[in-house]
Amino acid sequence: MCPTRIVPVLVAACVIASSSCNDSTAPNSSQNATVPTPPEQKLATVSGVIHVAFTDMGGIQIVTLDGLTLTLSGTETASLAGLDGAQVEVRGTWDSGELVVSDFLVQRVGGANVLDGVLTMLVDDETGDIGYGISLTRGSLVLLSDPPEALLAHVGQRLWLTDPADGQPLVFGIIGPQTE
């Protein structure tokens, strides 16, 4: 064979050999494919006044402090149904133009600042004395002095109440799905 013919034949043989090695040793491309991850949904925080509007468009809305009306959805909206007119801060994620509420905090009711939390009975282990406080939804424990009997019937429930430090009469309401 002529030397000018040997070089192209050797080059072709090397190309064929290297491509066959790559095919047999490299994992197939479907095994290397990455599965796309869904985009992370960022938590949105919105403050405003709850408006219960039983219409075809939805039931619970929030009117933001700058006048924008947003529709709220999700399981937490059942707890917002009894808070018509209350100022709240809601946190959630956006889905199809609605804010899916993950949690919320009641801030004002009837123009008064309120505490939002679970009414708790406190027992002093040494003396056996019983006291009451509200374990705040986003915070610590606030002790209550001389709470009314009507309030004590709701130990263990989430509620809002006027801040006793404000010097106003104690007013409260239950936070949660409204029952008949």
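Structure shown above.
To keep things clear, this report deals only with the structure shown in the data block. Since the structure is predicted, the reported quantities are computational estimates derived from the model, not experimental observations. (Residues numbered from 1 in each chain as written. Predicted model: local features only at pLDDT ≥ 70, side-chain atom pairs only at ≥ 80, totals over all residues. Heavy atoms only, no water.)

Looking at the side chain of Thr64
You can see Thr64 is positioned in strand E2 (residues 58-64). The exposure class of Thr64 is buried, given its relative accessible area of 10%. One polar contact links Thr64 to Asp66, side chain to side chain, over a distance of 2.4 Å. Apart from residues no more than four positions distant in its own chain, Thr64 is found in contact with Val46, Ser47, Gly48 and Leu70. (Helix = DSSP H or I, 4+ residues; strand = E, 2+ residues; numbered from the N terminus. Buried < 20%, exposed > 50% of the residue type's maximum accessible area, 1.4 Å probe, protein only. Polar contact = N/O pair within 3.5 Å; in protein donor to acceptor, adjacent residues only side chain to side chain. Contact = heavy atoms within 4.5 Å.)

Re unusual backbone geometry
Although it is not a glycine, Ser96 sits at a positive phi angle of roughly 50°. Structurally, the position occupied by Ser96 is in the loop between strand E4 (87-95) and strand E5 (98-109). Overall, the relative accessible area of 73% leaves Ser96 in the exposed class. Of note in the backbone geometry, Asp146 takes a positive phi value of approximately 55° without being a glycine. Here Asp146 is to be found in the loop between strand E8 (141-144) and helix H4 (149-152).

Quick word on a nonpolar patch on the surface
Nonpolar side chains collect at one region of the surface, where Met121, Val123, Ile130 and Val155 lie side by side and expose about 350 Å² of accessible area between them. Relative to the elements of secondary structure, Val123 occurs in strand E6 (residues 112-123). The exposure class of Val123 is partly exposed, given its relative accessible area of 49%. (Patch = residues over 30% accessible without salt bridge, like charges linked within 9 Å, V, L, I, M, F, W, Y side chains within 5 Å. Areas by Shrake-Rupley, 256 points an atom, 1.4 Å probe, with all protein chains shown as cover. Salt bridge = Lys/Arg side-chain N within 4 Å of Asp/Glu carboxyl O.)

Observations concerning the nonpolar core
Within the largest apolar cluster, 21 residues are counted, with the highest numbers of intra-cluster contacts made by Leu72, Leu80, Val90 and Val106. Put simply, the parts of the chain that give this core at least two residues each are strand E1 (44-55), E2, strand E3 (69-73), E4 and E5. For this core, the leading source of residues is E5, giving 5 residues. Beyond its immediate chain neighbours, meaning those up to four positions away, Val90 contacts Ala44, Thr45, Val46, Ile62, Leu72, Leu80, Leu99, Val101, Asp103 and Phe104. (Core = buried A, V, L, I, M, F, W, Y, C linked by side-chain atoms within 4.5 Å.)

Focus on the packing of aromatic side chains
For the structure shown, the criterion picks out 0 aromatic pairs. The ring of Phe104 has Arg158 sitting right over it, with the charged end atom 4.3 Å from the ring centre. (Phe/Tyr/Trp six-rings, centres within 6.5 Å; stacked < 30°, edge-to-face > 60°. Lys NZ or Arg CZ within 6 Å of the ring centre and 35° of its normal.)

Let's talk about the environment of Gly97
Mapped onto the elements of the fold, Gly97 is located in the loop between E4 and E5. Put simply, Gly97 and Leu70 are 27 residues apart on the chain and 8.4 Å apart in space, counted from C-alpha to C-alpha.

Notes on the side chain of Thr77
One can find Thr77 in helix H3 (residues 77-80). Polar side-chain contacts of Thr77 include one of 2.7 Å to the backbone oxygen of Gly74.

Description of the pairing of E5
Two elements, E3 and E5, share 2 bridges in a ladder whose sense is parallel. Bridge pairing in E5 places Ser73 opposite Val100. The sheet contact formed by E4 and E5 spans 9 bridges and is antiparallel. Paired with Thr93 across the bridge in E5 is Val100. Hairpin remark: E4 followed by E5, antiparallel, with 2 residues in the connecting loop; positive phi at Ser96, about 50°. As defined by bridge partners, E5 adjoins E6 across 2 bridges and the pair is classed as antiparallel. Counterpart to Val109 in the pairing with E6 is Ala112. In this antiparallel pair of consecutive strands, E5 and E6, the connection spans 2 residues, and Gly110 shows a positive phi of 60°. (Pairing = 2+ DSSP bridges.)

Shape descriptors only; they carry no functional weight alone.
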